[in-house]
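These are the residues of each chain, in order.
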2 protein chains.
Amino acid sequence: MAQSVRGPRERMVFSAAQLIRRDGVAATGMREVAAHAGAPRGSLQHYFPGGKEQLVNEAVDWAGRYAGKRVDRFLAALDEPTPGGLFAEMVRQWTDEYETAGFAGGCPVAAATVDCAESTASTRAAAAAAFAGWTGPVAAALTDMGVPEERAGALATLMISALEGAILMARAECDVRALTTVARELGPLLDAAVREAG
Amino acid sequence: MAQSVRGPRERMVFSAAQLIRRDGVAATGMREVAAHAGAPRGSLQHYFPGGKEQLVNEAVDWAGRYAGKRVDRFLAALDEPTPGGLFAEMVRQWTDEYETAGFAGGCPVAAATVDCAESTASTRAAAAAAFAGWTGPVAAALTDMGVPEERAGALATLMISALEGAILMARAECDVRALTTVARELGPLLDAAVREAG
DNA sequence: GGGCTACTATGACCGCTGTCATAGTCGGGT
DNA sequence: ACCCGACTATGACAGCGGTCATAGTAGCCC
């Protein structure tokens with residue numbers, strides 16, 4: 001959330017991600033992004049000669065890297081790392097936001113997928129890369145915890161799928177119920193995967 | 001998929017759902033819906049005086065009811081119904097579509113949530129209702145299979161969350177991998193819930 | 001037939017969007 | 001002083017969006 005005082009370019013990418021996750025790609029205007037970033041409108045065509053497509057792709061990319069880095073921070077925060085604990089932490093990031101800031105925003109990668117998967121190939125690819133850059137660290141964390149390598153990837157996919165779906169339901173219902181539910185139900189399954197291996 | 005030769009009104013709702021799940025709500029135009037439904041443009045304001053908002057809401061509603069009914073049909077197709085089998089069937093509907101028709105479409109309810117949750121309260125509510133009308137039958141089916149009532153709802157939420165998330169990932173990756181993965185990983189957990197109870 | 005309702009058919013309007021074109025400013029190098 | 005690159009600033013444009021207004025047609029009841 002801290003946007004620091006980075007260059008205007010980075011601020012615009014960040015703002016784009018924020019607006020996209022709130023309103024979707026199509027409903028987010030370029031002028032709006034510039035205004036939100038406090039950047040001059042003219043900078044858009046300067047920094048993003050590829051137009052909206054480029055800006056959206058970079059926003060998706062940014063979101064993917066952010067999610068990946070976030071995983072490492074979660075791991076550092078857990079004194080006894082378990083798969084279920086990691087998942088609970090991932091979910092808690094969202095319940096915290098929804099409880100303090102309201103249900104305004106979803107996942108920008110999900111928004112890009114829904115809005116652009118069919119129409120804009122490059123954005124679809126960016127979304128796939130973002131998911132990959134998120135699943136990777138999660139899977140790596142699972143193997144570090146003792147989950148067999150061949151299952152770590154699958155469980156990481158399951159975790160992120162369940163999380164994304166629960167985000168959708170939570171936003172629709174304006175209730176974190178779905179999020180807490182998937183965390184509670186999936187936790188034991190995830191922890192069992194390390195016990196089996198040990 | 002069989003649209004039969006229902007009235008133009010129903011055809012437009014159906015077409016709206018189809019276009020929304022492909023391109024998102026914002027990118028779907030009213031004129032486009034009419035054209036896709038083979039309906040006259042003038043009928044839009046006749047049948048949907050509430051404008052696009054009403055049309056979208058009805059499309060979401062339709063999708064929710066369709067998903068709910070679909071559950072019953074899945075149950076009828078399974079000779080020995082198990083939670084994991086039901087989930088596998090739900091997932092298979094999507095893998096089948098993606099393998100035969102390509103990754104063009106997602107879930108219209110997810111699209112409506114992403115595009116309208118913040119901007120259009122009534123559509124957000126329609127999406128919540130659609131999720132409820134989908135989760136309900138699934139939970140009921142689980143209790144019929146012997147899952148304790150207090151867990152059936154939670155597992156239904158987990159199933160739909162995982163499915164929705166996997167749909168997103170599958171579309172982004174143009175690969176059914178995520179779908180088959182969640183089906184494989186979640187199946188045993190779901191089946192265990194009935195065994196525990198018995 | 002007259003009239004009424006349901007539905008269809010267009011055309012126009014206004015707002016907004018992404019993009020282009022053009023020109024301006026600013027700072028540094030030489 | 002000069003130039004040049006990076007960046008900013010506007011204005012215009014063409015297209016498309018949803019919506020309104022208005023008029024036309026079809027069928028049915030009395």
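Parameters and conventions
- Residues numbered from 1 in each chain as written.
- Chains lettered and ligands numbered in written order.
- Predicted model: local features only at pLDDT ≥ 70, side-chain atom pairs only at ≥ 80, totals over all residues.
- Heavy atoms only, no water.
- Helix = DSSP H or I, 4+ residues; strand = E, 2+ residues; numbered from the N terminus.
- Buried < 20%, exposed > 50% of the residue type's maximum accessible area, 1.4 Å probe, protein only.
- Contact = heavy atoms within 4.5 Å.
- Areas by Shrake-Rupley, 256 points an atom, 1.4 Å probe, with all protein chains shown as cover.
- Buried area = accessible area lost by both parts, 1.4 Å probe.
- Salt bridge = Lys/Arg side-chain N within 4 Å of Asp/Glu carboxyl O.
- Polar contact = N/O pair within 3.5 Å; in protein donor to acceptor, adjacent residues only side chain to side chain.
- pLDDT = per-residue confidence, 0-100.
- Near = heavy atom within 4 Å.
- Nonpolar A, V, L, I, M, F, W, Y, C, P; charged D, E, K, R; others polar.
- Least-squares fit on C-alpha atoms with pLDDT ≥ 70 in both.
- Expected span 1.5 Å × (residues − 1).
- Phe/Tyr/Trp six-rings, centres within 6.5 Å; stacked < 30°, edge-to-face > 60°.

### A closer look at the overall build of chain A
Each helix and strand in chain A was counted, giving 9 helices and 0 strands. Start at the N end of chain A and walk to the C end: the helices and strands fall as α-α-α-α-α-α-α-α-α. Along the three orthogonal principal directions, the C-alpha set of chain A runs to about 60 × 35 × 30 Å. Counting across all 198 residues of chain A, residues that qualify as buried make up 55%. Considering only residue pairs separated by 6 or more positions, chain A has 67% of its internal contacts joining residues 24 or more positions apart. In the form shown here, chain A has an accessible surface area of approximately 8200 Å², with 53% of it arising from carbon and sulfur atoms.

### Side note on unusual backbone geometry
Keep in mind that most residues, glycine aside, have a negative phi and that most peptide bonds are trans. Despite not being glycine, Cys174 of chain A has its phi angle at roughly 55 degrees, a positive value. Within the secondary structure layout, Cys174 of chain A lies in the loop between helix 8 (149-173) and helix 9 (177-197).

### Observations regarding the interface of chain A and chain B
On the side of chain B, 44 residues touch chain A, which itself brings 44 residues to the contact. Regarding the contact of chain A and chain B, the summed buried area is about 3600 Å², with carbon and sulfur atoms giving 69% of it. On the chain A side of the interface with chain B, the three residues burying the most area are Val114, Leu168 and Glu185 of chain A, jointly 19% of the side's total. Notably, a salt bridge pairs Glu185 of chain A with Arg151 of chain B, separated by 2.8 Å at the nearest N-O pair. Counting across the interface, chain A meets chain B through 7 residue pairs in polar contact (both at pLDDT 80 or more). Looking at the side of chain A that touches chain B element by element, the count peaks at 16 residues for helix 8 of chain A.

### A word on the confidence of the model for chain A
Chain-level pLDDT for chain A is 94 on average; 96% of the residues reach the 70-or-more range. The lowest-confidence element of chain A is helix 9 of chain A, averaging 92 in pLDDT; the highest-confidence one is helix 6 (residues 108-116) of chain A, averaging 98.

### What about the side chain of Thr123 of chain A?
Residues and elements named next belong to chain A. Position of Thr123 among the secondary structure elements: in helix 7 (residues 121-144). Here Asn57 takes part through its side chain, which lies 2.6 Å from a polar atom of the side chain of Thr123. Not counting the four nearest positions on each side in its chain, Thr123 is found in contact with Glu53, Val56, Asn57, Ala112 and Cys116.

### Looking at the protein's contact with DNA strand D
If you check the shell around DNA strand D, you find 15 residues, and the closest are Pro40 and Ser43 of chain A together with Met30, Arg31 and Gln45 of chain B. Protein-proximal atoms of DNA strand D, defined as those within 4 Å of the protein, fall in sugar or phosphate at a share of 49%. Take Arg31 of chain B: an N or O atom from its side chain is 2.5 Å from a base nitrogen of DNA strand D. Arg41 of chain B places a side-chain nitrogen or oxygen 3.5 Å from a base oxygen of DNA strand D. Looking at which element gives the most residues to the surface near DNA strand D, the answer is helix 3 (residues 42-47) of chain A, with 4 residues. By residue class, the composition of the surface near DNA strand D is 3 nonpolar, 7 polar and 5 charged.

### Some remarks on the protein's contact with DNA strand C
Around DNA strand C, the surrounding shell holds 16 residues, and the nearest of these are Met30, Arg31 and Lys52 of chain A together with Pro40 and Ser43 of chain B. At the protein interface, 48% of the atoms of DNA strand C within 4 Å belong to sugar or phosphate. Note that a base oxygen of DNA strand C is positioned 3.4 Å from one of the side-chain N or O atoms of Arg41 of chain A. Between His46 of chain B and DNA strand C, the recorded distance is 3.0 Å, taken from a side-chain N or O atom to a phosphate oxygen. Put simply, the parts of the chain that give the surface near DNA strand C at least two residues each are helix 2 (30-37) and helix 4 (51-77) of chain A together with helix 3 (42-47) of chain B. Classifying every residue of the surface near DNA strand C by side-chain character gives 3 nonpolar, 8 polar and 5 charged.

### Quick look at the pattern of salt bridges
Counting across every chain of the model gives 16 salt bridges over all chains. Here Arg65 of chain B and Asp61 of chain B are joined by a salt bridge, their closest N and O atoms 2.6 Å apart. Placement of both Arg65 of chain B and Asp61 of chain B in helix 4 (residues 51-77) is noted, with a separation of 4 residues, approximately one turn of the helix. Glu173 of chain B is paired through a salt bridge with Arg177 of chain B; the nearest N and O atoms lie 2.9 Å apart. Assessed through its relative accessible area of 32%, Arg177 of chain B is described here as partly exposed. Connected through shared salt-bridge partners, Glu89, Arg92 and Asp96 of chain A make up one network.

### Brief notes about the environment of Ala127 of chain A
Tracing the backbone through its elements, the reader meets Ala127 of chain A in helix 7. Non-local contacts of Ala127 of chain A, meaning those with residues more than four positions away in its chain, are made with Val60, Val109 and Thr113 of chain A together with Ala172 of chain B.

### A short note on the relation of the copies chain A and chain B
Once turned by 180 degrees and shifted 0.0 Å along the axis, chain A lies on chain B with an RMSD of 0.0 Å. These values place the two chain copies in the arrangement generated by a two-fold rotation axis.

### Quick look at helix 4 of chain B
An α-helical turn contains 3.6 residues, so a residue and the one three or four places further along point in the same direction. Residues and elements named next belong to chain B. Compared with the 39 Å implied by 1.5 Å per residue over 27 residues, the 39 Å span of helix 4 between its first and last C-alpha is a close match. Burial in helix 4 covers these residues: Leu55, Val56, Asn57, Ala59, Val60, Ala63, Gly64, Ala67, Gly68, Arg70, Val71 and Phe74. Tucked inside the fold, the buried residues of helix 4 contact helix 1 (8-23), helix 2 (30-37), helix 3, helix 5 (83-101), helix 6 (108-116) and helix 7 (121-144).

### A short note on the packing of aromatic side chains
A complete count under the given rule lists 8 aromatic pairs over all chains for this structure. Between Trp62 of chain A and Tyr66 of chain A, the aromatic rings sit 5.3 Å apart at their centres with planes inclined by 10 degrees, giving stacked as the arrangement. Of this pair, Trp62 of chain A and Tyr66 of chain A are both found in helix 4, 4 residues apart, which corresponds to roughly one turn of the helix. The partly exposed category is assigned to Trp62 of chain A, whose relative accessible area is 24%. Residue classification places Tyr66 of chain A among the partly exposed positions, given a relative accessible area of 24%. With a centroid separation of 5.1 Å and an interplanar angle of 85 degrees, the aromatic rings of Phe14 of chain B and Trp62 of chain B are classed as edge-to-face. In this pair, Phe14 of chain B sits in helix 1 while Trp62 of chain B sits in helix 4, placing the two residues 48 residues apart along the sequence. Through a chain of ring-to-ring contacts, three or more aromatic side chains come together here, namely Phe14, Trp62 and Tyr66 of chain A.

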